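Now for the letters of each chain:
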Amino acid sequence: MLSINPKEIPTGKFHGYLLGAIAPRPIAFASTIDTDGNPNLSPFSFFNVFGSNPPILIFSPARRVRDNTTKHTLNNVLATKEVVINVVNYDIVQQMSLSSTEYPEGVNEFEKAGFTMLKSDEIKSFRVAESPVQFECKVNDVIFTGDEGGAGNLIVCEVVKMHINENVLDDNGAIDQHKIDLVARAGGSYYTRSRDGFFEIPKPISTLGIGIDNIPSEIRNSTVLTGNNLGMLGNVEQLPTTDTVNNFGKEHPNFIGLETTKKHTFAQDFLSKNDVESAWKVLLLK
């Protein structure tokens, strides 16, 4: 058996061991605002429920291992003492993954990931309309576990209002675990789906994805492509060049001149095979 003293190996390596061993982990999709009212949205898998009376949730936007910086979510929480924690199900997991890209301060991840901002009842932070359950929370405390890279910052939240999409309820009014179809985080690029087990989503690119807000409206408003499809399309650094698209058309003339629904259906098929580049080429062909 491999036995490890955390102080004897790099923090990043031990971090990987922790995430691989302590899984699956529920995801807190945290929505905050800064003091100027700018929204921020980011997922965290150091998260769980710790009481029901009062209802307490705790999540931790840890200090970054690589450079010991803090995340916008933590800064906003310290300033405003409020947060919305949205749950993540399979229907929005690709968009959630896109939102985890480290966009600069002031960039609206709701727009980048194609989510709808829904006004809260009790606090100023926005809810994710597409999330099946949303918790409006007041922050009771922040517990700092250290001041070096990888240290946790435990945000202790009290739920002041909970919102549930009635479509995930069973006949008795309880949340149906099959209908809600939650996902959880595991090690590396792995997630787990409560209904079907493990699946994999590549981590967002190290540079900035173009975001769903920069996808042409005829694609973004497709009746065929899902939110997950758009999340994959928005996680590219740049679109294929005109020459690349034209060469693709010469090699695949059957994709030229398609009506919109068929074009989007073919693109969706490429996305189901994780071939995002070919999906974009189909969509951009005239």
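Residues numbered from 1 in each chain as written. Predicted model: local features only at pLDDT ≥ 70, side-chain atom pairs only at ≥ 80, totals over all residues. Heavy atoms only, no water.

Participant: Describe the sheet that holds strand S5 (residues 82-86), and please don't skip the residues or the numbers.
Facilitator: Strand pairing in a sheet is mediated by backbone hydrogen bonds. Such pairs are either parallel or antiparallel. Ordered in space as S2-S1-S5-S8-S9-S4-S3, the 7 strands form an open sheet in which the pairing is antiparallel. Because the sheet does not close on itself, it has two edges, and the strands there are strand S2 (39-44) and strand S3 (47-52). Taking the axes of each pair of neighbouring strands and ignoring which way they run, one obtains an average angle of 30 degrees across the sheet. Relative to strand S9 (residues 153-164), strand S4 (residues 55-59) is paired through 4 bridges, and the arrangement is antiparallel. Residue pairing across strands places Leu57 opposite Cys157, the latter belonging to S9. Across the face of the sheet, helix H2 (residues 72-80) comes into contact with strand S1 (28-33), S2, S4, S5, strand S8 (133-144) and S9 while running at roughly 55 degrees to S1. (Pairing = 2+ DSSP bridges. Helix = DSSP H or I, 4+ residues; strand = E, 2+ residues; numbered from the N terminus. Axes fitted to C-alpha atoms, helices over the stretch in contact; angles between N-to-C directions. Contact = heavy atoms within 4.5 Å.)

Participant: So what's going on with the side chain of Glu82? Residues and values would help.
Facilitator: Residue placement: Glu82 occurs in strand S5. The buried charged residue Glu82 lacks any salt bridge partner; its closest oppositely charged side chain belongs to Lys138, at an N-O distance of 4.4 Å. A polar side-chain atom of Glu82 sits 2.8 Å from the main-chain amide nitrogen of Ser125. With residues up to four places along the chain from it excluded, the contact list for Glu82 reads Thr32, Ile33, Val77, Ile123, Lys124, Ser125, Cys137, Lys138 and Val139. (Buried < 20%, exposed > 50% of the residue type's maximum accessible area, 1.4 Å probe, protein only. Lys, Arg positive; Asp, Glu negative; His and termini not counted. Salt bridge = Lys/Arg side-chain N within 4 Å of Asp/Glu carboxyl O. Polar contact = N/O pair within 3.5 Å; in protein donor to acceptor, adjacent residues only side chain to side chain.)

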